[in-house]
Amino acid sequence: MPYTGVQYVAIPEFQALGTQVGQYLAGALSGQTTIDQALKQAQDAAQKTARDGGYQK
């Protein structure tokens, strides 16, 4: 793996989740949504990814 540490999670879904979170943050930066909304969307997406992938216990 080319990456280690907290910036990379070694699961196949990581790239798609990163793209999705980036889109939420871009929406907040462009004024289409609030930072709080973007953070909630990002957290919800991360939890769904963990749940759907069977990573969450």
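Residues numbered from 1 in each chain as written. Predicted model: local features only at pLDDT ≥ 70, side-chain atom pairs only at ≥ 80, totals over all residues. Heavy atoms only, no water.

With respect to the helices, strands and loops of the structure, Thr-49 is situated in helix H2 (residues 35-52). When sequence neighbours within four positions are dropped, the list of residues in contact with Thr-49 reads Ile-11, Glu-13, Leu-17 and Tyr-55. (Helix = DSSP H or I, 4+ residues; strand = E, 2+ residues; numbered from the N terminus. Contact = heavy atoms within 4.5 Å.)

To continue, consider a nonpolar patch on the surface. Taken together, the side chains of Leu-25, Ile-35 and Leu-39 define a hydrophobic patch exposed on the protein surface, amounting to about 290 Å² of accessible area. One can find Leu-25 in helix H1 (residues 14-29). (Patch = residues over 30% accessible without salt bridge, like charges linked within 9 Å, V, L, I, M, F, W, Y side chains within 5 Å. Areas by Shrake-Rupley, 256 points an atom, 1.4 Å probe, with all protein chains shown as cover. Salt bridge = Lys/Arg side-chain N within 4 Å of Asp/Glu carboxyl O.)

In the structure shown here, the tally under the stated rule is two salt bridges. Notably, a salt bridge pairs Lys-40 with Asp-44, separated by 2.8 Å at the nearest N-O pair. Pair noted here: Lys-40 and Asp-44 are both in helix H2, with a separation of four residues, about one helical turn. Lys-48 is the partner of Asp-52 in a salt bridge, and the nearest nitrogen-oxygen pair spans 2.4 Å. One end of the pair, Asp-52, and the other, Lys-48, are both in helix H2, four residues apart, so they sit about a helical turn from each other. Asp-52 gets classed as exposed once you look at its relative accessible area, which sits at 52%. Owing to a relative accessible area of 45%, Lys-48 belongs among the partly exposed residues under this scheme. (Buried < 20%, exposed > 50% of the residue type's maximum accessible area, 1.4 Å probe, protein only.)

As a further point, take the packing of H1 against H2. In the contact formed by H1 and H2, the axes pass within 8 Å of each other and the chain directions differ by 170°. Our classification of the angle between H1 and H2 gives roughly antiparallel. Note on element contacts: H2 touches H1 through Ile-35, Ala-38, Leu-39, Gln-41, Ala-42, Ala-45, Ala-46 and Thr-49, opposite Leu-17, Gln-20, Val-21, Tyr-24, Leu-25 and Ala-28. Grouping the amino acids of the contact of H1 with H2 by side-chain chemistry returns 11 nonpolar, three polar and no charged. (Axes fitted to C-alpha atoms, helices over the stretch in contact; angles between N-to-C directions. Parallel < 35°, antiparallel > 145°, perpendicular 65-115°, else oblique. Nonpolar A, V, L, I, M, F, W, Y, C, P; charged D, E, K, R; others polar.)

These results come straight from atomic positions and should not be treated as a statement about function.
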